[in-house]
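Residue-level structure breakdown
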Amino acid sequence: MVFYGYFGKWLYVLCFLLLFGAMCDSFGIMMLLPILNFNKLEDSNNYYTEILCKTLESLGLGVSLTSLLFVIFIIFSLKGCFMFLQKGFLAYILCGFEKRIKIDFCHKYESMKYGYFVDTKIGYLNNIVTTEIARAMNCLNTYVEVLANIIFVTIYILAAFFINFKLTVIVLFVCSLLFVAMKSLARISKNMSVLISENNAETQSVLLQIIGNFKYLKATNSFKRIFDQLFVIIESGRKYNFKGRVLVAIPLSIIDPISVLLLSGLIYYNVEYKGESLSSVLILSLIFYRLFSRAFSFQAFWQKFNSLVGGIEVLRKATKVFDIQKEHTGKLKIEKFEKIIELKGISFSFSSKQVLSDINMTIPKNKSIGIVGESGAGKTTLFDIFTGLLVPQSGTVCIDGIDYREIDISAIRNLIGYVTQDAIIFNDSFANNITLWKCNFNDYRCREKIENASIMANCDTFIKETSMGYETEVGDRGIRVSGGQKQRISIAREIYRNPDIMIFDEATSALDSESEDFVQKSINAMKGQRTVVIIAHRLSTVKKCDYIYVLKNGRIVEEGNFQELCSNTNSHFFRMCEAQNLQN
C-alpha cells in the first residue's frame, strides 16, 4: 500500500510489462525443447511439444527447424521490447516522483510552524532532501526489482509445473527452506537501514555547523574539538554501512554455488536413475536455473530493499510530523494595510518560561514605532508574533480590525519588510540579492527599480565601485562585502519589495558608527512614507520615532515619544539613556 500510494495506478502498468516479459522468457526457453528433439518430434509424447506443433501448423508455418528458430527469435524480441519499456517507464515515473517529492518537501518546509523549525536540527531537514529522498528512490527501484523477481519466479514455476509437476514441487520445497534460513537477515538489514538514516542526519547537522562557523573555527584553530565529535559519528556510519553491505552481499554470493549444486543433483538423478533424455532434463534445468537465479536475486534485492527502507521510513515519519506541524492560517486575503495594527492582551511563554505578559500596543499606518528593552526583554518574540511566526497563548493581533487568525498569514507577510541584525545575503549578484530573482537586471525597467532602491538604501555607490557593478557576485553569505554593506543591501531588498510595513530588528546593533549612520539615514528617509517598526536596545536608533514602547521582563513598562520618556528622570528609559550616554 505504501508503494501504491507513491506509484498509483502506474504500478499496474509496470506489473503488466513485467508479466509479459516473463512469459516471453519462459516460452522462449520452452521452445528449445522441440529444437533439441527436432529429429524425434514425430515420436515425441511430450504434451507441450504436441501443442506447439499443432499451433505452428494452424498458423500455416509448418513444423520445421526454420519455423521453430523464427518463433524463438520473435518471442525473445518481444521479451526485449517489454523489458525495455518496463525499464524506460520505471525511469520516467521514478524521476518524476523524485522531482515531485522534493518540491513537496520544500513546500512542507515553507508551511511548517516556526516553533517546530526552531526546535529541529538543521541537519535533519537538510538530510531529508539531499540524502533520504535519494535513498527512497533507490528503495523504490529495488522494490520494483523485487516485484519483477516475484513475477518471473511465478511464471518459471508455472512453466516447470507444465513440464514436470512432481520434480518442481521438490525443488520449491528446498528453495523454501533456504528462504526461511535467510529470513533473519532481512530483519537485521531493516534495523541497520534506520540507523544509517539517523547517522546521516547527525553527520549533516555537524557539517552544517562547521561550514556555518568556518571563519571562527579557522581563526581560533578550533577545528579539532568539533572534528572529534564528527569523526565519532563518521566511524559509527562506517560500521553501519559496512554491516549493511555485508548483509546484502550474503545472498548474492551464494546464488551460483547453490544453483549449480541443485541443478547438478537434478540432472544426475533424472538421467542416471530415471533414464530420462538429457535434452528434456536440460530444458527443465535451464528453467530451474532461471528460477533459482531469480529466487535468490529476490532474496538479495529484498535484503537491499530492507537496507534502504530507512529512507522510506524517514519520509513517512517526516511527512506525518510536517502535516501535524503545518502552520494554521485563515482564508481571508488582504492586499493593503489601511489604518492600524493592534496587539491586545498578548501573552506568550516557552515551556514554563513566561516571555511576554499582557502586551497592548497600537501601530498606526505611516508612523514610526520604536520597541526598546534590554536583552531578554522579549523584543524579538514580540516581532515573531507580529509577523505571525509565533501564535500567542492568549490575546489577539488585529490588522485594520481583522483578527490575524481569520487572514491568510502569507497575505500579511507580503505587507512586511524585514531587516535583521544578521543581514540575509545569498551567494549571487548584488542585483539578484536585491530582487530575489524577481526580474532580469538587463531589463531597463528592472535595472532602474534596483538602482532607485539602492540609492534610497545608500548602497548604490559602493556597488558601482565593484568590478561588475550590480552583477558582481557577493560570495557565500556576503563574504566579499562588509557588515554595513550587507545591511544596506538587505534594506535595498525590502525597499525594492515596497512593503507597507518595514521592521528593523536590531538592524544597527552590530555595525560601526559610520555604517550605522548610513543605515539610519535609510531608515529616516522612510519616515512618513510607510509604517516603520524599529526593535532595538541601542536607543539612538529610535530617537526620531513617533512613539516608543519600553519592554522589561516581557512587559510594557513605559510608553511615549523619546522626549517624554527621556525627560522623566524616574523612568527605566531614562536610566537606559544614561547607561548609553544618550541625552535628550
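Residues numbered from 1 in each chain as written. Predicted model: local features only at pLDDT ≥ 70, side-chain atom pairs only at ≥ 80, totals over all residues. Heavy atoms only, no water.

Taking strand neighbours across the sheet as the criterion, the six strands line up as β6-β7-β8-β3-β9-β10 in an open arrangement whose pairing is mixed. Among the strands making up the open sheet, the edge pair consists of β6 (416-419) and β10 (555-560). Averaged over all adjacent pairs, the angle separating strand axes in this sheet is 15 degrees, with direction ignored. As paired elements, strand β7 (residues 501-505) and strand β8 (residues 531-536) share five bridges and run parallel to each other. Bridged to Met-502 within β8 is Val-532. Its contacts with the sheet put helix α13 (residues 379-386) on β3 (368-372), β6, β7, β8 and β9 (547-552), and the angle it makes with β7 is roughly 155 degrees. Against the sheet, helix α21 (residues 572-579) makes contact with β3, β9 and β10, and its axis sits at roughly 90 degrees relative to β9, the strand it touches most. (Pairing = 2+ DSSP bridges. Helix = DSSP H or I, 4+ residues; strand = E, 2+ residues; numbered from the N terminus. Axes fitted to C-alpha atoms, helices over the stretch in contact; angles between N-to-C directions. Contact = heavy atoms within 4.5 Å.)

Turning our attention to the environment of Ile-489. When you line up the elements, Ile-489 lands in helix α18 (residues 483-497). Residues Ile-489 and Ala-423, 66 residues apart in the sequence, show an inter-C-alpha distance of 8.3 Å. With residues near it in sequence (within four places) discarded, Ile-489 still touches Ile-425, Phe-430, Asn-433, Ile-434 and Phe-462.

Attention shifts here to the nonpolar core. Ranked by size, the top nonpolar core spans 43 residues in total, and within it Phe-504, Ile-548 and Phe-573 carry the most contacts. Residue contributions to this core peak at five residues, all from α18. Excluding its chain neighbours within four sequence positions, the residues that come into contact with Ile-548 are Gly-370, Val-372, Val-542, Glu-558, Glu-559, Gly-560, Asn-561, Phe-562, Leu-565 and Phe-573. Counting residues in each nonpolar core, the second largest holds 34 residues, with Ile-385, Ile-409, Ile-501 and Ile-535 among its members. (Core = buried A, V, L, I, M, F, W, Y, C linked by side-chain atoms within 4.5 Å. Buried < 20%, exposed > 50% of the residue type's maximum accessible area, 1.4 Å probe, protein only.)

A cluster of nonpolar residues, Phe-70, Phe-73, Ile-74 and Leu-78, forms a patch on the protein surface that exposes about 400 Å² of accessible area. By the element assignment, Phe-73 lies in helix α5 (residues 65-111). (Patch = residues over 30% accessible without salt bridge, like charges linked within 9 Å, V, L, I, M, F, W, Y side chains within 5 Å. Areas by Shrake-Rupley, 256 points an atom, 1.4 Å probe, with all protein chains shown as cover. Salt bridge = Lys/Arg side-chain N within 4 Å of Asp/Glu carboxyl O.)

With eight bridges joining them, strand β1 (residues 340-350) and strand β2 (residues 353-364) adopt antiparallel strand pairing. Looking at β2, one finds that Ile-340 is bridged to Pro-364. Taking the residues between adjacent antiparallel strands as the criterion, β1 and β2 are bridged by two residues, where Ser-351 takes a positive phi near 55 degrees. Relative to strand β4 (residues 394-399), β1 runs antiparallel, the two being bridged by five bridges. Directly across from Ser-347, in β4, lies its bridge partner Ser-394.

Further remarks concern α18. The terminal C-alpha atoms of α18, which comprises 15 residues, lie 22 Å apart, in line with the 21 Å expected from a rise of 1.5 Å per residue. Just downstream of α18 lies Asn-498, where phi reads positive at about 60 degrees. (Expected span 1.5 Å × (residues − 1).)

Turning to the state of the cysteines, a few remarks are in order. In this structure the tally under the stated criterion is one disulfide. Disulfide pairing is shown between Cys-439 and Cys-446; the S-S distance is 1.8 Å. An S-S torsion of about 60 degrees defines the bridge between Cys-439 and Cys-446 as right-handed. What makes Cys-446 buried here is its relative accessible area of 5%. (Disulfide = S-S within 2.5 Å.)

Running from N to C, α5 and helix α7 (residues 122-163) point in directions that differ by 150 degrees, and their axes come no closer than 10 Å. Our classification of the angle between α5 and α7 gives roughly antiparallel. Note on packing geometry: the crossing formed by α5 with α7 is right-handed. Taking contact as the criterion, the partners of Met-83, Gln-86, Lys-87, Leu-90, Leu-94, Phe-97, Glu-98, Ile-101, Lys-102, Phe-105 and Tyr-109 in α5 are, on α7, Leu-125, Asn-126, Ile-128, Val-129, Ile-133, Met-137, Leu-140, Asn-141, Val-144, Glu-145 and Phe-152. Its residues placed into classes, the contact of α5 with α7 shows 15 nonpolar, three polar and four charged. (Parallel < 35°, antiparallel > 145°, perpendicular 65-115°, else oblique. Left-handed = near helix turned anticlockwise from the far one by under 90°. Nonpolar A, V, L, I, M, F, W, Y, C, P; charged D, E, K, R; others polar.)

Right, let's get into the pattern of salt bridges. Close approach of charged atoms allows side chains of opposite charge to pair. Enumeration over the complete set of coordinates arrives at 14 salt bridges. For Arg-135, the salt bridge is made with Glu-132, and the minimal N-O distance between the two is 3.4 Å. Of the two residues, Arg-135 and Glu-132 both sit in helix α7, three residues apart, roughly one turn of that helix. Across this residue pair, the class does not change: Arg-135 and Glu-132 are buried. Its salt-bridge partner being Arg-238, residue Glu-235 comes within 2.8 Å of it at the nearest N-O pair. Of the two residues, Glu-235 and Arg-238 both sit in helix α11 (residues 223-273), three residues apart, roughly one turn of that helix. Glu-235 sits in the partly exposed class, given a relative accessible area of 31%.

For the rest of this paragraph, the subject is the packing of aromatic side chains. The geometry of two aromatic rings is summed up by the distance between their centres and the angle between their planes. Here the structure, examined in full by the defined rule, presents 14 aromatic pairs. Ring centres 5.4 Å apart and planes at 70 degrees place the aromatic pair Phe-426 and Trp-437 in the edge-to-face group. Taken together, the positions of Phe-426 in the loop between β6 and α15 (430-435) and Trp-437 in the loop between α15 and α16 (444-456) put the pair 11 residues apart, joining distant regions of the chain. The exposure class assigned to Phe-426 is partly exposed, which follows from its relative accessible area of 33%. You can call Trp-437 partly exposed: its relative accessible area is 45%. Of the aromatic side chains, those joined through ring pairs into one cluster are Phe-105, Tyr-109, Tyr-116 and Phe-322. We note Arg-447 situated over the ring of Phe-441; from NZ or CZ to the ring centre the distance is 5.8 Å. (Phe/Tyr/Trp six-rings, centres within 6.5 Å; stacked < 30°, edge-to-face > 60°. Lys NZ or Arg CZ within 6 Å of the ring centre and 35° of its normal.)

The topology assignment puts Asn-432 in helix α15. For Asn-432, a relative accessible area of 19% corresponds to the buried category. In this structure, Asn-432 is in contact with Trp-437 and Cys-439, ignoring residues within four places of it in sequence.

Within the open sheet, the four strands sit side by side as β2-β1-β4-β5. Their pairing is antiparallel. Of all the strands in the sheet, just β2 and β5 (402-403) have a single pairing partner and so form its edges.

We now examine the packing of α16 against α18. Orientation of α16 relative to α18, taken along the N-to-C sense of each, is 125 degrees, at an axis distance of 8 Å. Between α16 and α18, the angle falls in the class oblique. In the packing of α16 onto α18, the handedness of the crossing is right-handed. Together, Cys-446, Lys-449, Ile-450, Ala-453, Ser-454 and Met-456 of α16 and Ala-492, Ile-495 and Tyr-496 of α18 make up the contact between the two elements. Class assignment for the residues of the contact of α16 with α18 results in seven nonpolar, one polar and one charged.

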